[in-house]
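Examination of the molecular architecture
Listed here are the chains, written in short residue letters.
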Amino acid sequence: MFRFANPQYLWLLLAVPALVALYWLAARNRRRRLARFGRPGILEELMPEVSTGRTAFRFILFCAAVALVILAAARPQFGSKLREEKAQGIEMMLTVDVSNSMLAEDFEPNRLERTKYAIGKLFEGLQQDRVGLVVFAGEPKVQLPITSDYRMAKAFAKRISPSMASVQGTSIGKALSLAEMSFSSGSGDSRVIILITDGENHDDDAIAVAERAAQMGVKIFTIGIGTPEGAPIQIGGEFIKDEAGEMVVSKLNEEMLARIADITGGAYVRSSKQSIGLDEIVKAINEMEQTELSTVRFEEFNEQYQYLLIAALVLLLLEFVVLDRRNPLLAHLNIFREK
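All values derive from a computational prediction rather than experimental measurement. (Residues numbered from 1 in each chain as written. Predicted model: local features only at pLDDT ≥ 70, side-chain atom pairs only at ≥ 80, totals over all residues. Heavy atoms only, no water.)

Side note on the overall build of the chain
Looking only at helices and strands, the chain features 10 helices and 15 strands. Looking at the chain as a whole, 39% of its 339 residues are labelled buried. A sequence separation of at least 24 residues applies to 82% of the contacts in the chain between residues at least 6 apart. (Helix = DSSP H or I, 4+ residues; strand = E, 2+ residues; numbered from the N terminus. Buried < 20%, exposed > 50% of the residue type's maximum accessible area, 1.4 Å probe, protein only. Contact = heavy atoms within 4.5 Å.)

Okay, structure coming up:
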């Protein structure tokens, strides 16, 4: 595929025919002024070294050089290429609970909004690490595959909401299992899962999944968001109630989260109203041994303007070398076909 990155500069090509028109007018005026002194044939015999062909040739070279410079300014681009970059870092899968219990308001404005804010701040501070995002409730979902595009990661994090969960509940084991499978191949032991949840697990064995992660060399850092006292869950201005009509209160389950972190060699942090806990975990992660990560970046077009600039320079040098007058030493070559 071919394109110009700055096509607006192509309008400058209109200067070339304008230059041709000015040259033609100047040449006509010159012929008229010479005609005042005598017949053209006699004047050519009196000025044998004057060469109109050389003057025209130099002008053609100059116009071609101007056109090439204008085309170069428009930045022609052709084709595409992939560029591989290598850097030292880790792969980090953030696994975020989006169940209704994360709407509890023991954190302002609620647990989930505070989590999203903290994740956004985390992505702003990363440099060479790769990140991914898994959201879960009753079933997990890969919201963002492993990437080094932090701007895109931050945009995806802003869209996290309970509506992403087709099944309600809190299946931490399934979420951790999906996060384990979402790492890229070749990331070695520099793999980390950061689990952010209130710890109210249902229907699966998260401990067994943590033990498998430990065997794979994956460390799990857990963040418990909420308070042990808990808070009611409000959706659409109404508080959720159980089958007995009692108000549902979501409480933080720290015991399981601490055990998951301990099994894998990670760490558990309880969120506070001042800090979610990501900063503390990132400090611990930065002390881990990093591995070489290879990232393939797609560069859509290759620049071609440099070739046009080289050609323009050659034409200008040639225009500078060609003289307006005939060289007696080269007269027998008759390059410009003049009589």
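Notes on the layout of surface pockets
Looking at the second largest pocket, its volume works out to about 200 Å³. Taken together, Arg114, Tyr117, Ala118, Lys121, Leu122, Gln274, Ser275, Ile276, Gly277, Leu278 and Asp279 make up the full set of residues lining the second largest pocket. Only helix 4 (111-125) and helix 9 (278-286) provide two or more residues apiece to the lining of the second largest pocket. If one sorts the elements of the lining of the second largest pocket by residue count, helix 4 sits on top with five residues. Across the lining of the second largest pocket, the residue classes tally to five nonpolar, three polar and three charged. (1 Å grid on protein atoms, 1.4 Å probe; cavity = no way out; pocket = protein on both sides within 12 Å on 5 of 7 lines; lining within 4 Å. Points joined across faces, edges and corners; volume = space filled by probe spheres on them. Nonpolar A, V, L, I, M, F, W, Y, C, P; charged D, E, K, R; others polar.)

Some details on the packing of aromatic side chains
Across all of its chains, the model carries one aromatic pair by this definition. A centroid spacing of 4.2 Å and a plane angle of 10 degrees characterise the contact between Tyr23 and Phe59, whose relative ring orientation is stacked. Highlighted residues: Tyr23 in helix 1 (residues 15-35) and Phe59 in helix 3 (residues 52-73), separated in sequence by 36 residues. You can call Tyr23 partly exposed: its relative accessible area is 27%. Take Phe59: its relative accessible area is 16%, and that puts it in the buried class. Across the ring face of Phe156, the terminal group of Arg159 is positioned such that the distance to the ring centre comes to 4.6 Å. In this structure, Arg191 packs its charged tip against the face of Phe183, placed 6.0 Å from the ring centre. (Phe/Tyr/Trp six-rings, centres within 6.5 Å; stacked < 30°, edge-to-face > 60°. Lys NZ or Arg CZ within 6 Å of the ring centre and 35° of its normal.)

Focus on helix 4
The end-to-end C-alpha distance of helix 4 is 22 Å, a good match for the 21 Å that 15 residues give at a rise of 1.5 Å each. Of all the positions in helix 4, only Arg111, Leu112, Arg114, Thr115, Lys116, Ala118, Ile119, Gly120, Leu122 and Phe123 are classed as buried. Two to three positions downstream of the cap, the backbone nitrogen of Leu112 sits 3.1 Å from a side-chain oxygen, assigning the N-cap of helix 4 to Asn110. (Expected span 1.5 Å × (residues − 1). Polar contact = N/O pair within 3.5 Å; in protein donor to acceptor, adjacent residues only side chain to side chain.)

Some remarks on unusual backbone geometry
Residue Glu108 is joined to Pro109 through a cis peptide bond whose omega torsion reads -5 degrees. Within the element layout of this structure, Pro109 appears in the loop between strand 4 (91-97) and helix 4. The backbone phi angle of Arg75 is positive, close to 55 degrees, even though this residue is not glycine. Here Arg75 is to be found in the loop between helix 3 and strand 2 (76-78). Classification of Arg75 by relative accessible area gives partly exposed; the value is 31%.

Concerning the sheet that holds strand 8 (residues 218-224)
Taken in spatial order, the six strands line up as 6-5-4-7-8-13 in an open sheet, and their pairing is mixed. Each edge of the open sheet carries a strand with a single partner, namely strand 6 (140-147) and strand 13 (268-270). Within the sheet, the average angular offset between the axes of one strand and its neighbour, ignoring direction, is 15 degrees. Relative to strand 13, strand 8 runs parallel, the two being bridged by three bridges. Bridge assignment links Gly224 to a residue of strand 13, and that residue is Arg270. Across the face of the sheet, helix 6 (residues 172-181) comes into contact with strand 4, strand 5 (130-136), strand 6, strand 7 (191-197) and strand 8 while running at roughly 155 degrees to strand 7. Sheet strands in contact with helix 8 (residues 254-264) are strand 7, strand 8 and strand 13, and its direction is about 160 degrees off that of strand 8. (Pairing = 2+ DSSP bridges. Axes fitted to C-alpha atoms, helices over the stretch in contact; angles between N-to-C directions.)

Quick word on the sheet that holds strand 1 (residues 2-4)
The three strands lie next to each other as 1-2-15, forming an open sheet whose pairing is antiparallel. The open sheet has two edge strands with one neighbour each: strand 1 and strand 15 (302-303). Bridge count for strand 2 against strand 15 is two bridges, and the pairing is antiparallel. Residue pairing for strand 15: Gln77 is matched across the bridge by Glu303.

Focus: the pattern of salt bridges
A side chain of one charge can pair with a side chain of the opposite charge if their charged atoms are brought near each other. As enumerated under the stated definition, the model contains 11 salt bridges in all. Note that Arg111 is salt-bridged to Asp106, the shortest N-O span being 2.8 Å. Among the residues examined, Arg111 registers a relative accessible area of 0% and is labelled buried. Judged by its relative accessible area of 10%, Asp106 is buried. (Salt bridge = Lys/Arg side-chain N within 4 Å of Asp/Glu carboxyl O.)

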